[in-house]
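These are the residues of each chain, in order.
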Amino acid sequence: MTVLGIALLGVLGVTLSIRPAWLPVVLGVAAGLPASAGVAFGENGVPLFSVAAAGAVIALVGSRRLGTAHWTANAFAVLIAWSAVITALGPWMFAGTRVLVPRGGVDEQVLDPGMLQYSVSTVAQFGYLALSACATLHLVRVRGAVTAAAVALVVGTVLSSIRGVMVAVGADVLAPLVDTMPNIQYSETDPGDRLRGVLSEPSELATFSLAAAAFAVVAAMRANGRRRLLWAVVCALACSNLLQASSGTAVVASAVFIAFGVVVLAVRYVARGGTGTPWLVIGLLVAGIVALTAGDRLLAPVQEIVADKVGSTSYNARTGADTFSWGVVADTLGLGTGLGGNRPSSFALALLSTLGIPGTVAFTALAVGIIVAAVRTPRTVPAGIALVALLVAKVVGTPDFSTPILWVLIAACAVPAWTRDQRPAPDTARLRPGPGPGPGPGPGPGAEHRPPPTPTSPIPIRTGARP
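Scope of this entry: the structure provided in the associated data block. (Residues numbered from 1 in each chain as written. Predicted model: local features only at pLDDT ≥ 70, side-chain atom pairs only at ≥ 80, totals over all residues. Heavy atoms only, no water.)

## Description of unusual backbone geometry
Trans peptide bonds make up the majority, and among non-glycine residues the majority have a negative phi. If you check the backbone angles, Arg 143 has positive phi at about 55 degrees while not being a glycine. Residue position: Arg 143 is located in the loop between helix H6 (120-141) and helix H7 (145-168). Of note in the backbone geometry, Leu 333 takes a positive phi value of approximately 60 degrees without being a glycine. (Helix = DSSP H or I, 4+ residues; strand = E, 2+ residues; numbered from the N terminus.)

Structure representation (structure tokens):
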């Protein structure tokens, strides 16, 4: 057990026995430390999020079923079912197929690919997916997914910034606590190196920070008072982490995401008949002034990153891994190798090569459907935008399917779609008038309307005359 693992087990024990409402926060904290082990044994380790998700499995048994019939929930079920089938059968059906072994390293595997077979990664990756799916369902059932996503992004961003300062002054006291996964090769964290924070490498931090910045900027725009200030600070820290990561993933993903945002704003502007024209004009003027006065200085770091990456050994290895993975898709007849069977550089190629066309279609349908539902619901708009940013960054350069923040954001975006037709919670239902008799402001919903009863016998009326 690691120090963080022992602390997590203690908190989980209290949460499950006394304070079940804390579980979304616990899952969020664990998702904010995705590269830290809860349990480590030999050359293997179980991430903190998977340990916390095991607690969610226990809590899932006692929570009320969703009972949703939304089509994205069906896509989610198909994705998990197909992942189980192809992971169990893929290494047997396509045994001996040349693949990029996950634990072999991208550089080495591109030069000398391994062969598809059952391995520790096969079992581990499906286990991570099953636990993440259970955590997703629990977060949606208890309506705690948005809280978990916000906590995860804040924890990962703040701790990464704090660790960056510690590394700069030569006092990296967080390393023994967070760098504890024995099967992860961590990047160097010496002063002057690229920042990776509490994640395993700079590209992972860049992916996480882009999602955090997107979530924070939207949350700040929709908040007031101290909450707006809080999210503004988180956004600033996330952008700082993004720049210090000096990652090609950050440059390309940020450019794609910003371009996507500009297109969405332009479409909304046209659809609303020009509403918001003053703000649009002011924004364009500010952008033009910044480009004219400081454009060269702002673009210089970006140009330097691009120049360093293009043609580098890392760039060639990652490009070669993605190109090779197209051949894996063809060799497996579009069915995939199963989880843990192949590890390219891009998330899109990872989906295609491991889960094949069926799994990729199911995941795409799930992501598109819940994002559309999320951006139409005020409370989940930040999560929807953050999931878009995360997927863009992952398609560019991070292939892992078991990334905790991915599943927490999926849960947050799924809340509006999967709980839309659910009955209110029992404590809320008791406050509403029911269909039966009893005190209240009026008949309950669905109660039959009946006219007031008419008297069956005449009521004598006294007059002033005596009989």
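Here the narrative resumes, following the displayed structure.
## Description of helix H1 (residues 3-17)
With 15 residues, H1 should reach 21 Å at 1.5 Å per residue; the first-to-last C-alpha distance of 22 Å fits that figure. For H1, the elements touching its buried residues are helix H2 (23-31), strand E1 (37-41) and helix H3 (48-62). (Expected span 1.5 Å × (residues − 1). Contact = heavy atoms within 4.5 Å.)

## Side note on the packing of H7 against helix H9 (residues 202-222)
Closest axis-to-axis distance for the H7/H9 pair is 10 Å, and the angle between their directions is 125 degrees. Considered as vectors, H7 and H9 are oriented oblique to each other. In this structure, H7 meets H9 at a crossing whose hand is left-handed. Residues Ala 150, Ala 152, Leu 153, Gly 156, Thr 157 and Ser 160 of H7 touch H9, and the partners they reach there are Leu 205, Phe 208, Ala 211, Ala 212 and Phe 215. Residue composition of the contact of H7 with H9, grouped by class: 8 nonpolar, 3 polar and no charged. (Axes fitted to C-alpha atoms, helices over the stretch in contact; angles between N-to-C directions. Parallel < 35°, antiparallel > 145°, perpendicular 65-115°, else oblique. Left-handed = near helix turned anticlockwise from the far one by under 90°. Nonpolar A, V, L, I, M, F, W, Y, C, P; charged D, E, K, R; others polar.)

## A word on the pattern of salt bridges
Close approach of charged atoms allows side chains of opposite charge to pair. A complete count under the given rule lists 4 salt bridges for this structure. Here Arg 163 and Asp 172 are joined by a salt bridge, their closest N and O atoms 2.9 Å apart. Residue class for Arg 163 comes out buried when judged on its relative accessible area of 2%. Taking relative accessible area as the criterion, Asp 172 reaches 22% and is therefore assigned partly exposed. One salt bridge in this structure joins Asp 179 and Arg 163, with 2.7 Å as the shortest N-O distance. (Salt bridge = Lys/Arg side-chain N within 4 Å of Asp/Glu carboxyl O. Buried < 20%, exposed > 50% of the residue type's maximum accessible area, 1.4 Å probe, protein only.)

## Some points on the packing of aromatic side chains
Counting across every chain of the model gives 6 aromatic pairs. Look at Phe 215 and Trp 231: their rings are 5.3 Å apart centre to centre, the planes differ by 55 degrees, and that puts the pair in the tilted class. With Phe 215 in helix H9 and Trp 231 in helix H10 (residues 225-245), this residue pair connects regions lying 16 residues apart in the sequence. Accessibility assignment for this pair places Phe 215 and Trp 231 in one class, buried. Where Phe 363 meets Phe 401, the ring centres are 5.8 Å apart and the plane angle is 65 degrees; that geometry is what we call edge-to-face. In this pair, Phe 363 sits in helix H14 (residues 347-375) while Phe 401 sits in the loop between helix H15 (381-397) and helix H16 (404-418), placing the two residues 38 residues apart along the sequence. (Phe/Tyr/Trp six-rings, centres within 6.5 Å; stacked < 30°, edge-to-face > 60°.)

## Notes on the pairing of E1
Sheet analysis places E1 next to strand E2 (residues 44-47), joined by 4 bridges and oriented antiparallel. Within E2, the position partnered with Val 39 by the bridge is Val 46. Taken together, E1 and the strand that follows it, E2, pair antiparallel across an intervening segment of 2 residues, in which Gly 42 is found at a positive phi of about 60 degrees. (Pairing = 2+ DSSP bridges.)

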